[in-house]
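As a plain string of letters, each chain reads:
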Amino acid sequence: MKIRLVVVAADVMYLKKITDIFTTKFEDKLEVYSFSDIHPAMEILEKNRINVMLVDDSFTMDTDQLPQHCGFAYLVESSNIETVRGQRAIGKFQKVDLIYKQILSIYSEHGGGNTPIYDRDSESCKLVTFISAAGGVGTSCAAAACAAFLAERGRRVLYLNLETYSSTDVFFRSEGQFDMTDIVYALKSRKTNFTIKLESCVKQDSYGVYFFSSPKMALDIMEMSIEDIKRFISELRLSGLYECIVLDTDFDLRDKGMFLLAQSNRVIMVNDGSQIANIKTMAACRAISAIEQEKNVSILSRMNLLYNKFSNQTSEMLEQLDLHVIGGIPKFKHATAYQIMQEIISRGVFEELLLQMR
């Protein structure tokens, strides 16, 4: 299924260039109609059931004349302009991939309906969840390093941070205007084609890792209900876009947390081996064991232990805990989070996970 797109621009050279790029790069995704005048463009809207219309802001549009299923935006000189005449604006000189993302976003909100456009096979997408019962042990850094490690080895990996206070943008960066706030808003809106919205919001780092930028406010993540979480994870796995989702989330044994643990193919419990962290990790495993018996779920059998920030002077391994140890990472001093992530990647700690995905 292709998105039917109309582009109207008085600059004939720009119009030809953008049309050629769309036609070549997104041949299987876009069906493009281009016009240098607004009147013939308006005539085909209903006849060809156009999904999205982009019009240079040198023209003035009466958007009330647009069919209900047709999304709209003005093309403007600067990507810093968000609206023109009360309508969405798209910077026309951005990278074409960013323009395409915004076309997807418009389509998901106006013309996308609920029609799926991807092959759906949730079993092919593995969910690897990183948690810790103790704070400050480097769980997010380890999860980010795992995602980058798998991506460097050719896997299509999404790093998904659902912590209350997300740190995604510390590890991964890319251009694009959308973030997790847009995802949460789309989840709450039943008019949006959520699968397409996901593709419009996702970014890709230089490692090759796909990710959603941190939300504008922590409250946005807190507002996600258990139903929102279920839909979010289900749509990601069914989209067919990823081989693996590396989930970085708070340790929580209430409804949301238990759902995520139960859905995970592998759970990585991160611990630094300190006395306090060991006590908390043991208590967490006992609590999980009790819940397993009460609710007839299996989590500990899919759980591995990862030692991070391990010190020979102050850390001790949990010999009495019957969990497979996936690896150990020493404590790095005077290094940024990004530098630590690179060190973890270079040590091959996650080779075992890579083998399990084959």
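Residues numbered from 1 in each chain as written. Predicted model: local features only at pLDDT ≥ 70, side-chain atom pairs only at ≥ 80, totals over all residues. Heavy atoms only, no water.

1. Things to note about a nonpolar patch on the surface
Short version of the rule: Residues enter patches when their relative accessible area tops 30% and they take part in no salt bridge; the joining distance is 9 Å for like charges and 5 Å for the nonpolar side chains Val, Leu, Ile, Met, Phe, Trp and Tyr. Accessible areas in this description were obtained via Shrake-Rupley with a 1.4 Å probe; residue shielding takes into account the shown protein chains only. Salt bridge, as used here, is a side-chain nitrogen of Lys or Arg placed within 4 Å of a carboxyl oxygen of Asp or Glu. Labels follow the DSSP assignment, with helices taken as runs of H or I lasting at least four residues and strands as runs of E lasting at least two, numbered in each case from the N terminus.
Together, Met 217, Leu 219 and Met 222 line one region of the surface with nonpolar side chains, adding up to about 300 Å² of accessible area. For Met 222, the position within the fold is in helix α8 (residues 218–222).

2. Comments concerning the nonpolar core
Spelled out, the test is: By nonpolar core we mean a set of buried residues, namely Ala, Val, Leu, Ile, Met, Phe, Trp, Tyr and Cys, connected to one another through side-chain atoms within 4.5 Å. Think of it in three bands: residues with accessible area under 20% of the maximum for their type are buried, residues over 50% are exposed, and the middle band is partly exposed, with areas taken using a 1.4 Å probe on protein chains only. Any two residues whose heavy atoms approach within 4.5 Å are treated as being in contact.
Among the nonpolar cores identified, the biggest contains 39 residues, and Phe 130, Leu 150, Phe 172, Val 246, Leu 306, Met 341 and Phe 350 are the most heavily contacted of them. Mapped onto this core, the elements with two or more residues apiece are β7 (126–131), α4 (139–152), β8 (157–161), β11 (244–248), β12 (266–271), β14 (324–330), α12 (337–346) and α13 (351–356). Of all the elements, α4 adds the most residues to this core, at 11 residues. Residues contacting Phe 350, with those up to four places away along its chain left out, are Phe 130, Ala 142, Ala 145, Cys 146, Phe 149, Leu 306 and Ile 344.

3. Some details on empty space enclosed by the protein
We count it as follows: Within this scheme a cavity is a closed region of a 1 Å grid, computed over the protein atoms alone, that accommodates a 1.4 Å probe without allowing it to escape, whereas a pocket is open but has protein on both sides within 12 Å along at least five of seven lines; lining residues each have an atom within 4 Å of a point. Grid points are joined across faces, edges and corners, and a volume is the space filled by probe spheres set on the points. Residues are sorted three ways: Asp, Glu, Lys and Arg are charged, Ala, Val, Leu, Ile, Met, Phe, Trp, Tyr, Cys and Pro are nonpolar, and all the rest, Gly among them, are polar.
The full count for this structure, using the stated rule, is 1 cavity of 30 Å³ or more. By volume, the largest cavity is sized at about 40 Å³. The set of elements that each furnish at least two residues to the lining of the largest cavity consists of β7 and α10 (255–263). When residues in the lining of the largest cavity are grouped by element, the largest group, 3 residues, is from α10. By residue class, the composition of the lining of the largest cavity is 4 nonpolar, 3 polar and 2 charged.

4. So, the sheet that holds strand β6 (residues 87–91)
Using the following cut-off: Any two strands with at least two DSSP-identified bridges between them are counted as paired. Fitted lines through C-alpha atoms give the axes, limited to the stretch in contact for helices. The angle between two N-to-C directions lies from 0 to 180 degrees.
Taking strand neighbours across the sheet as the criterion, the 6 strands line up as β2-β1-β3-β4-β6-β5 in an open arrangement whose pairing is mixed. At either end of the open sheet lies a strand with only one pairing partner, and these are β2 (30–35) and β5 (83–84). Where strand β3 (residues 52–56) and strand β4 (residues 71–76) come together, 5 bridges link them in parallel fashion. Following the sheet pairing, Val 55 is matched in β4 by Tyr 74. Sheet strands in contact with helix α3 (residues 96–110) are β1 (3–8), β2, β3, β4 and β6, and its direction is about 160 degrees off that of β6.

5. Remarks on the confidence of the model for the protein
Put simply, the test is: The quantity called pLDDT is the predictor's confidence in a given residue, expressed from 0 to 100.
Of the residues in the protein, 96% have a pLDDT of 70 or more, and the chain-wide mean is 91. With pLDDT under 50 throughout, residues 113–121 is counted as low confidence; its partners more than four residues away or in other chains account for 20 contacts.

6. Structural notes on the layout of surface pockets
Estimates place the volume of the largest pocket at around 580 Å³. Only α3, α7 (194–201) and β9 (203–204) provide two or more residues apiece to the lining of the largest pocket. It is α3 that provides the largest number of residues to the lining of the largest pocket, a total of 5 residues. Split into classes, the residues belonging to the lining of the largest pocket amount to 9 nonpolar, 8 polar and 8 charged. As a volume, the second largest pocket reaches approximately 260 Å³.

7. Looking at the packing of aromatic side chains
Convention followed: Aromatic pairing here means that ring centres of Phe, Tyr or Trp (its six-membered ring) are within 6.5 Å. Orientation follows from the plane angle: under 30 degrees is stacked, over 60 is edge-to-face, and everything else is tilted. In this scheme, Lys NZ or Arg CZ marks a charge over a ring once it lies within 6 Å of the ring centre and within 35 degrees of the ring normal.
A full pass over the atoms with the stated rule returns 13 aromatic pairs. A ring pair is formed by Phe 72 and Tyr 74, whose centres lie 5.0 Å apart and whose planes are at 85 degrees; its orientation type is edge-to-face. Each member of the pair, Phe 72 as well as Tyr 74, is classed as buried. Among the aromatic residues, those joined into a cluster by ring pairs are Phe 22, Phe 26 and Tyr 100. Sitting over the ring of Tyr 14, Lys 92 keeps its end group 5.5 Å from the ring centre. Residue placement shows Lys 197 over the ring face of Phe 178; its charged tip is 5.1 Å from the ring centre.

8. Topic: the pairing of β8
Among the 5 residues in β8, 5 count as buried, and that is most of the element. By the alternation rule, side chains of β8 split into Val 157, Tyr 159 and Asn 161 and Leu 158 and Leu 160, which are all buried. Inspection of the sheet shows β8 paired to β11 by 5 bridges, in the parallel sense. Note that in β11 the partner of Leu 158 across the bridge is Ile 245. Bridging between β8 and strand β10 (residues 210–211) involves 2 bridges; their strand directions are parallel.

9. Topic: the packing of helix α9 (residues 226–238) against α10
The line we're drawing: An angle below 35 degrees is treated as roughly parallel, one above 145 as roughly antiparallel, one from 65 to 115 as roughly perpendicular, and anything else as oblique. By definition, any crossing whose near helix is turned counterclockwise from its far helix by less than a right angle is left-handed, and any crossing with a clockwise turn is right-handed.
Running from N to C, α9 and α10 point in directions that differ by 20 degrees, and their axes come no closer than 9 Å. The angle between the axes of α9 and α10 places the two elements in the roughly parallel class. Crossing handedness for the pair α9 and α10: right-handed. Facing α9, whose interface residues are Ile 226, Ile 229, Lys 230, Ile 233 and Arg 237, α10 presents Asp 255, Lys 256, Phe 259, Leu 260 and Gln 263.

10. Digging into the sheet that holds β12
Strand order in this open sheet of 8 strands is β9-β10-β8-β11-β7-β12-β13-β14, and the pairing throughout is mixed. The sheet is open, and its two borders are formed by β9 and β14, each paired with just one other strand. Packed onto the sheet, α9 meets β7, β8 and β11 and runs at close to 170 degrees relative to β8.

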